[in-house]
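Architecture and fold: a report
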Amino acid sequence: MKLQTLSKAIALASAGILGMGVLGGCAAQQTSAVTEAQSENRAYMTQVNQTMETLKDRLASFSDAVSRGDVVNMRTQADNAFKALDSLSSQDAPDSLKDIKQQYVDGCADLETALGDYVTLYAEIDSATDTQPFDWSSYDERLAAIQSSYDSGIAKLEAGDKAAADLNG
(Lines give C-alpha, C1' and ligand atoms only; values in the text may rest on other atoms or scores of the structure.)
Protein backbone atom coordinates (compact mmCIF):
# COMPACT_ATOMS: atom_id res chain seq x y z
CA MET A 1 0.00 0.00 0.00
CA LYS A 2 2.79 2.40 0.80
CA LEU A 3 4.45 1.71 -2.55
CA GLN A 4 1.21 2.48 -4.35
CA THR A 5 0.74 5.74 -2.42
CA LEU A 6 4.35 6.70 -3.10
CA SER A 7 3.84 5.96 -6.83
CA LYS A 8 0.72 8.13 -6.87
CA ALA A 9 2.57 10.92 -5.08
CA ILE A 10 5.43 10.73 -7.57
CA ALA A 11 2.94 10.68 -10.47
CA LEU A 12 1.11 13.71 -9.06
CA ALA A 13 4.38 15.54 -8.44
CA SER A 14 5.55 14.74 -11.96
CA ALA A 15 2.25 15.94 -13.40
CA GLY A 16 2.54 19.12 -11.36
CA ILE A 17 6.09 19.75 -12.53
CA LEU A 18 5.07 19.15 -16.14
CA GLY A 19 2.11 21.47 -15.70
CA MET A 20 4.32 24.18 -14.26
CA GLY A 21 6.71 23.73 -17.15
CA VAL A 22 3.89 24.15 -19.67
CA LEU A 23 2.56 27.20 -17.84
CA GLY A 24 6.05 28.59 -17.58
CA GLY A 25 6.47 28.11 -21.32
CA CYS A 26 3.17 29.92 -21.98
CA ALA A 27 4.22 32.79 -19.75
CA ALA A 28 7.54 33.01 -21.56
CA GLN A 29 5.75 33.02 -24.92
CA GLN A 30 3.35 35.75 -23.73
CA THR A 31 6.22 37.83 -22.42
CA SER A 32 8.07 37.31 -25.68
CA ALA A 33 5.00 38.34 -27.71
CA VAL A 34 4.54 41.49 -25.62
CA THR A 35 8.22 42.35 -25.95
CA GLU A 36 8.08 41.79 -29.71
CA ALA A 37 4.99 44.00 -30.05
CA GLN A 38 6.65 46.75 -28.02
CA SER A 39 9.76 46.47 -30.17
CA GLU A 40 7.69 46.74 -33.37
CA ASN A 41 5.85 49.77 -31.99
CA ARG A 42 9.13 51.47 -31.04
CA ALA A 43 10.63 50.72 -34.46
CA TYR A 44 7.61 52.20 -36.25
CA MET A 45 7.56 55.31 -34.07
CA THR A 46 11.31 55.75 -34.66
CA GLN A 47 10.62 55.72 -38.41
CA VAL A 48 7.83 58.27 -37.93
CA ASN A 49 10.11 60.52 -35.89
CA GLN A 50 12.88 60.31 -38.49
CA THR A 51 10.42 61.12 -41.25
CA MET A 52 9.11 64.10 -39.28
CA GLU A 53 12.66 65.40 -38.79
CA THR A 54 13.24 65.09 -42.54
CA LEU A 55 9.96 66.87 -43.18
CA LYS A 56 10.89 69.64 -40.75
CA ASP A 57 14.18 70.22 -42.61
CA ARG A 58 12.44 70.23 -45.98
CA LEU A 59 9.76 72.62 -44.80
CA ALA A 60 12.48 74.95 -43.55
CA SER A 61 13.94 74.94 -47.06
CA PHE A 62 10.45 75.59 -48.44
CA SER A 63 10.03 78.55 -46.06
CA ASP A 64 13.39 79.88 -47.17
CA ALA A 65 12.27 79.75 -50.81
CA VAL A 66 9.02 81.52 -49.85
CA SER A 67 10.92 84.29 -48.06
CA ARG A 68 12.97 84.86 -51.22
CA GLY A 69 9.87 84.73 -53.45
CA ASP A 70 11.55 81.95 -55.45
CA VAL A 71 8.59 80.07 -56.92
CA VAL A 72 10.74 77.53 -58.78
CA ASN A 73 12.60 76.62 -55.60
CA MET A 74 9.28 76.58 -53.70
CA ARG A 75 8.06 73.87 -56.09
CA THR A 76 11.32 71.91 -55.69
CA GLN A 77 11.21 72.11 -51.91
CA ALA A 78 7.49 71.25 -51.85
CA ASP A 79 8.25 68.18 -53.99
CA ASN A 80 10.98 67.20 -51.51
CA ALA A 81 8.51 67.61 -48.65
CA PHE A 82 5.98 65.48 -50.57
CA LYS A 83 8.55 62.68 -50.72
CA ALA A 84 8.91 62.75 -46.93
CA LEU A 85 5.14 62.84 -46.50
CA ASP A 86 4.69 59.96 -48.95
CA SER A 87 7.32 57.87 -47.17
CA LEU A 88 5.26 58.11 -44.00
CA SER A 89 2.29 56.63 -45.85
CA SER A 90 4.36 53.74 -47.15
CA GLN A 91 5.78 52.73 -43.77
CA ASP A 92 4.30 49.54 -42.34
CA ALA A 93 2.70 50.03 -38.95
CA PRO A 94 2.08 47.27 -36.42
CA ASP A 95 -1.60 46.38 -36.00
CA SER A 96 -1.78 48.21 -32.68
CA LEU A 97 -0.68 51.45 -34.41
CA LYS A 98 -2.79 51.26 -37.60
CA ASP A 99 -5.23 53.94 -36.36
CA ILE A 100 -2.35 56.19 -35.35
CA LYS A 101 -0.72 55.69 -38.74
CA GLN A 102 -3.98 56.70 -40.41
CA GLN A 103 -3.98 59.95 -38.45
CA TYR A 104 -0.44 60.63 -39.68
CA VAL A 105 -1.39 59.74 -43.26
CA ASP A 106 -4.48 61.97 -43.14
CA GLY A 107 -2.42 64.81 -41.68
CA CYS A 108 0.20 64.40 -44.38
CA ALA A 109 -2.48 64.48 -47.09
CA ASP A 110 -3.76 67.80 -45.73
CA LEU A 111 -0.22 69.20 -45.60
CA GLU A 112 0.40 68.11 -49.19
CA THR A 113 -2.78 69.90 -50.24
CA ALA A 114 -1.73 73.04 -48.39
CA LEU A 115 1.78 73.06 -49.84
CA GLY A 116 0.58 72.36 -53.38
CA ASP A 117 -2.10 75.04 -53.20
CA TYR A 118 0.40 77.52 -51.75
CA VAL A 119 2.85 76.95 -54.58
CA THR A 120 0.05 77.21 -57.14
CA LEU A 121 -1.15 80.49 -55.63
CA TYR A 122 2.30 82.05 -55.65
CA ALA A 123 3.07 80.71 -59.12
CA GLU A 124 -0.07 82.47 -60.36
CA ILE A 125 0.99 85.69 -58.66
CA ASP A 126 4.51 85.38 -60.06
CA SER A 127 3.33 84.72 -63.60
CA ALA A 128 0.76 87.53 -63.65
CA THR A 129 1.23 90.14 -66.34
CA ASP A 130 -0.41 93.41 -67.27
CA THR A 131 -2.51 91.63 -69.87
CA GLN A 132 -3.33 88.71 -67.54
CA PRO A 133 -3.25 90.11 -64.00
CA PHE A 134 -3.67 88.06 -60.88
CA ASP A 135 -7.20 88.06 -59.44
CA TRP A 136 -6.52 89.60 -56.05
CA SER A 137 -10.19 89.38 -55.13
CA SER A 138 -9.77 85.63 -54.48
CA TYR A 139 -6.43 85.92 -52.67
CA ASP A 140 -7.73 86.12 -49.07
CA GLU A 141 -10.18 83.28 -49.61
CA ARG A 142 -7.56 81.03 -51.21
CA LEU A 143 -5.02 81.83 -48.52
CA ALA A 144 -7.61 81.03 -45.82
CA ALA A 145 -8.31 77.65 -47.49
CA ILE A 146 -4.57 76.92 -47.58
CA GLN A 147 -4.24 77.86 -43.91
CA SER A 148 -7.23 75.65 -43.07
CA SER A 149 -5.65 72.65 -44.85
CA TYR A 150 -2.35 73.31 -43.10
CA ASP A 151 -4.01 73.65 -39.67
CA SER A 152 -6.02 70.48 -40.27
CA GLY A 153 -2.86 68.57 -41.22
CA ILE A 154 -1.00 69.75 -38.15
CA ALA A 155 -3.98 68.91 -35.92
CA LYS A 156 -4.10 65.36 -37.31
CA LEU A 157 -0.36 64.88 -36.84
CA GLU A 158 -0.63 66.15 -33.27
CA ALA A 159 -3.59 63.81 -32.65
CA GLY A 160 -1.44 60.92 -33.89
CA ASP A 161 1.36 61.97 -31.56
CA LYS A 162 -1.04 62.22 -28.62
CA ALA A 163 -2.55 58.81 -29.37
CA ALA A 164 0.95 57.29 -29.58
CA ALA A 165 1.94 58.92 -26.28
CA ASP A 166 -1.28 57.70 -24.62
CA LEU A 167 -0.64 54.19 -25.90
CA ASN A 168 2.80 54.17 -24.31
CA GLY A 169 1.36 55.25 -21.02
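Note: the structure precedes this text.
The structure reproduced in this document is the subject of the present report. All values derive from a computational prediction rather than experimental measurement.

Reading the values: the criteria
- Residues numbered from 1 in each chain as written.
- Predicted model: local features only at pLDDT ≥ 70, side-chain atom pairs only at ≥ 80, totals over all residues.
- Heavy atoms only, no water.
- Helix = DSSP H or I, 4+ residues; strand = E, 2+ residues; numbered from the N terminus.
- Expected span 1.5 Å × (residues − 1).
- Buried < 20%, exposed > 50% of the residue type's maximum accessible area, 1.4 Å probe, protein only.
- Contact = heavy atoms within 4.5 Å.
- Phe/Tyr/Trp six-rings, centres within 6.5 Å; stacked < 30°, edge-to-face > 60°.
- Core = buried A, V, L, I, M, F, W, Y, C linked by side-chain atoms within 4.5 Å.

1. Some thoughts on helix H4 (residues 139-167)
Spanning 29 residues, H4 covers 42 Å between terminal C-alpha atoms, matching the ideal 42 Å at 1.5 Å per step. Among the residues of H4, Tyr 139, Ile 146, Ser 149, Gly 153, Leu 157, Gly 160 and Ala 164 are the ones counted as buried.

2. Details of the side chain of Asp 110
Inspection of the secondary structure assignment puts Asp 110 in helix H3 (residues 98-127). Overall, the relative accessible area of 17% leaves Asp 110 in the buried class. Discounting chain neighbours no more than four positions away, the residues touching Asp 110 are Ser 149, Ser 152, Gly 153 and Lys 156.

3. Notes on the packing of aromatic side chains
This structure, assessed with the given rule, holds 5 aromatic pairs. On the numbers, 6.5 Å between centres and 80° between planes, the contact of Phe 134 with Tyr 139 is edge-to-face. Residue Phe 134 is classed as buried on the basis of its relative accessible area of 10%. Measuring from ring centre to ring centre gives 5.2 Å for Trp 136 and Tyr 139, while their planes differ by 50°; the resulting arrangement is tilted. Taken together, the ring pairs in this structure connect Phe 62, Tyr 118 and Tyr 122 into an aromatic cluster.

4. What to know about the environment of Asp 135
Examined against the element boundaries, Asp 135 turns out to sit in the loop between H3 and H4. The exposure class assigned to Asp 135 is partly exposed, which follows from its relative accessible area of 42%. In this structure, the C-alpha to C-alpha distance between Asp 135 and Glu 124, residues 11 residues apart in sequence, is 9.1 Å.

5. Quick look at the nonpolar core
Counting residues in hydrophobic clusters, the biggest one holds 30 residues, and the most contacted among them are Tyr 44, Phe 62, Met 74 and Tyr 104. Contributions of two or more residues to this core are made by helix H1 (2-68), helix H2 (71-90), H3 and H4. The element contributing the most residues to this core is H3, with 9 residues. When sequence neighbours within four positions are dropped, the list of residues in contact with Met 74 reads Phe 62, Ala 65, Val 66, Gly 69, Tyr 118, Val 119 and Tyr 122.

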